[in-house]
Amino acid sequence: MKTLFSELPGIDALLRDARFRPLHTSAGTRRLTETLRAMQSEARQHILAHQRLPDWHADWATEAATRLRAGRRSALRPVINLSGTVLHTNLGRARMSEAAVAAVCRVMRQPVTLEYALDDAARGHRDRALADLLCELTGAEDACIVNNNAAAVLLMLAATAGGRQVIVSRGELVEIGGAFRIPDVMRQAGCHLVEVGTTNRTHFSDYQRAISDETGALMKVHTSNYQIAGFTQAVDEKPLSALGQQHGVPVLVDLGSGSLIDLTHYGLPAEPMPQRLIADGVDLVSFSGDKLLGGPQAGIIVGKKALIARLQQHPLKRALRADKMTLAALEATLQLYRHPEQLADALPTLRLLTRPQAAIQAQAERLLPILQAEFGASFTLAVEPCWSQIGSGSLPVDRLPSAAITFTPRGPASSLAALGQQLRQRARPVIGRLQGGRLWLDLRCLDADEDLQRGGEA
Ligand SMILES: *Cc1c(COP(=O)(O)O)cnc(C)c1O
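The following paragraphs examine the structure supplied in this document. (Residues numbered from 1 in each chain as written. Predicted model: local features only at pLDDT ≥ 70, side-chain atom pairs only at ≥ 80, totals over all residues. Heavy atoms only, no water.)

Focus: a positive patch on the surface
Now for step 1: Side chains of R31, R69, R72, R73 and R77 sit close together on the surface and give a patch of like positive charge.
Now for step 2: By the secondary structure assignment, R73 is in the loop between α5 (60-72) and β1 (80-81). (Patch = residues over 30% accessible without salt bridge, like charges linked within 9 Å, V, L, I, M, F, W, Y side chains within 5 Å. Areas by Shrake-Rupley, 256 points an atom, 1.4 Å probe, with all protein chains shown as cover. Salt bridge = Lys/Arg side-chain N within 4 Å of Asp/Glu carboxyl O. Lys, Arg positive; Asp, Glu negative; His and termini not counted. Charge placed at Lys NZ, Arg CZ, Asp CG, Glu CD. Helix = DSSP H or I, 4+ residues; strand = E, 2+ residues; numbered from the N terminus.)

Notes on the site of the ligand
Now for step 1: Every residue near the ligand is listed here: R93, N148, N149, A150, I176, F180, H222, S224, D254, G256, S288 and K291.
Now for step 2: Within the contact set of the ligand, an oxygen atom lies 3.1 Å away from a backbone nitrogen or oxygen of N149.
Now for step 3: Computed on the free molecule, the ligand has an accessible area of 380 Å², of which 93% lies beneath the protein chains in the complex.
Now for step 4: For the shell around the ligand, a count of residues per class yields three nonpolar, six polar and three charged. (Near = heavy atom within 4 Å. Polar contact = N/O pair within 3.5 Å; in protein donor to acceptor, adjacent residues only side chain to side chain. Nonpolar A, V, L, I, M, F, W, Y, C, P; charged D, E, K, R; others polar.)

Notes on the packing of aromatic side chains
Now for step 1: Following the criterion strictly, the structure yields three aromatic pairs and no others.
Now for step 2: On the numbers, 5.6 Å between centres and 85° between planes, the contact of F375 with F407 is edge-to-face. Of the two residues, F375 is situated in helix α18 (residues 357-375) and F407 in strand β12 (residues 394-409); the sequence distance between them amounts to 32 residues.
Now for step 3: Since its relative accessible area comes to 4%, F375 is described here as buried.
Now for step 4: Judged by its relative accessible area of 0%, F407 is buried.
Now for step 5: A centroid spacing of 6.4 Å and a plane angle of 80° characterise the contact between F379 and F407, whose relative ring orientation is edge-to-face. You can see F379 sitting in strand β11 (residues 379-391) and its partner F407 sitting in strand β12, a full 28 residues away along the chain. The pair formed by F379 and F407 is uniform in burial state, with each residue classed as buried.
Now for step 6: Its end group placed over the ring of W56, R67 keeps NZ or CZ at 5.2 Å from the ring centre.
Now for step 7: Above the face of the F231 ring, R201 is positioned so that its terminal group lies 3.9 Å from the ring centre. (Phe/Tyr/Trp six-rings, centres within 6.5 Å; stacked < 30°, edge-to-face > 60°. Buried < 20%, exposed > 50% of the residue type's maximum accessible area, 1.4 Å probe, protein only. Lys NZ or Arg CZ within 6 Å of the ring centre and 35° of its normal.)

Points about the nonpolar core
Now for step 1: In this structure, I145, V285, V302, L330, L334 and Y337 are the most contacted members of the largest nonpolar core, which totals 41 residues.
Now for step 2: Broken down by secondary-structure element, the contributors of at least two residues to this core are α7 (128-138), β2 (142-146), α12 (274-279), β9 (284-288), β10 (299-303), α15 (324-336) and α17 (348-353).
Now for step 3: Setting aside its immediate chain neighbours within four residues, V285 contacts V253, L255, P274, L277, I278, I300, I301 and V302.
Now for step 4: One finds A159, I182, A189 and L320 within the second-largest nonpolar core, a separate group that totals 31 residues. (Core = buried A, V, L, I, M, F, W, Y, C linked by side-chain atoms within 4.5 Å. Contact = heavy atoms within 4.5 Å.)

Considering the layout of surface pockets
Now for step 1: By volume, the largest pocket is sized at about 1,100 Å³.
Now for step 2: H88, T89, L91, G92 and R93 are the residues nearest the centre of the largest pocket, which is lined by 44 residues in total.
Now for step 3: Of all elements in the fold, only β1, α8 (149-161), β4 (175-177) and α17 reach the threshold of two or more residues within the lining of the largest pocket.
Now for step 4: The element contributing the most residues to the lining of the largest pocket is α17, with three residues. (1 Å grid on protein atoms, 1.4 Å probe; cavity = no way out; pocket = protein on both sides within 12 Å on 5 of 7 lines; lining within 4 Å. Points joined across faces, edges and corners; volume = space filled by probe spheres on them.)

Put into structure tokens, the structure is as follows:
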């Protein structure tokens, strides 16, 4: 064993070795030294444990290069999302339009008029330019933009009803996931929750009876990630807004996703539109930037001017405000909505959601023989119809017809877990879905056939 230890090269000798010269340049001498030290210590452990040198001892330079490359790899690696969920929160939700990508690059490189008016007019706040666009699209009087919709709900509540009661239907006390529960957010905003109605039925008279001098707001929450079916009753925004107005109490709506276009025109399930709620007289409506809107992570609040002014002046706004990159991406995304005819081409989210089943099926059939050549020895591959999900809590009960390539193990030796792992370790990792003893690759979100070919070289 002693002789094995003596075969380990010294760090100084390695650092002087010509084969390591390119690594000094690419990684820096300090990181190279740290990597070699780690390798040396690992080699000693290996000798103690196995009484032999590690396999990579034959070529320290290649091993060091591999380790340094892996260390440089981004934590945010691009992947191919074949999970069947289009807006996948863990994969970063909406893919941005090229217009949004270009807009973000522009504001990253140059100083921009974020809170600066070139015409010398006093500029209210950094959301001004986008607020005008949002007003045009929704018919609202003003708008406020924060970091995400959770922040929007918190700010709406704190600024309009902090220290006071907020009336919500029992059927709408939503948990979105990740600890976002309406009663908890309410508490964090300093509001006192007053529940009315029952889980399945809430009537206009329930709100009417609960409203008092203590009431700071009436709130509705879109039950985006579940559906109460059967003997149900909820109160529409229009009568609720009238009730709020009559008592001088603002009506707030957390719409979750929301959609600025009528999705049924694209053959998709209906999703409430902020502009409809504004027309119904709702005071403030909040929704996400990166759900069906197809933009960056952001929380958008549209509504009455006086209330938006209170939001803009609240101390929480400073803590929750969006940065210039978010605002640039959001502005570019919203601009696309001014040309609805081109939206399905320009906005990746809408393009993916409206991809016809026949096109996905044809793609699956083209790719089947190619994947069969690679995986056919251990798995039976087939093209199967399947259902994609929109995701991010949007329309959870509505599914979109799609097509998948499925992998069924041929024998006990071929494991689905190992296949999943193998696909995730490609140069561009492929994310599939395990279901019913098979691995499913839903091709709805596959841009080009080439992305899945040739072992996934980058
Ligand atoms: C998704 C959702 C939220 C949270 O929005 P984020 O943009 O993820 O912060 C809040 N309320 C509802 C109803 C939602 O669907």
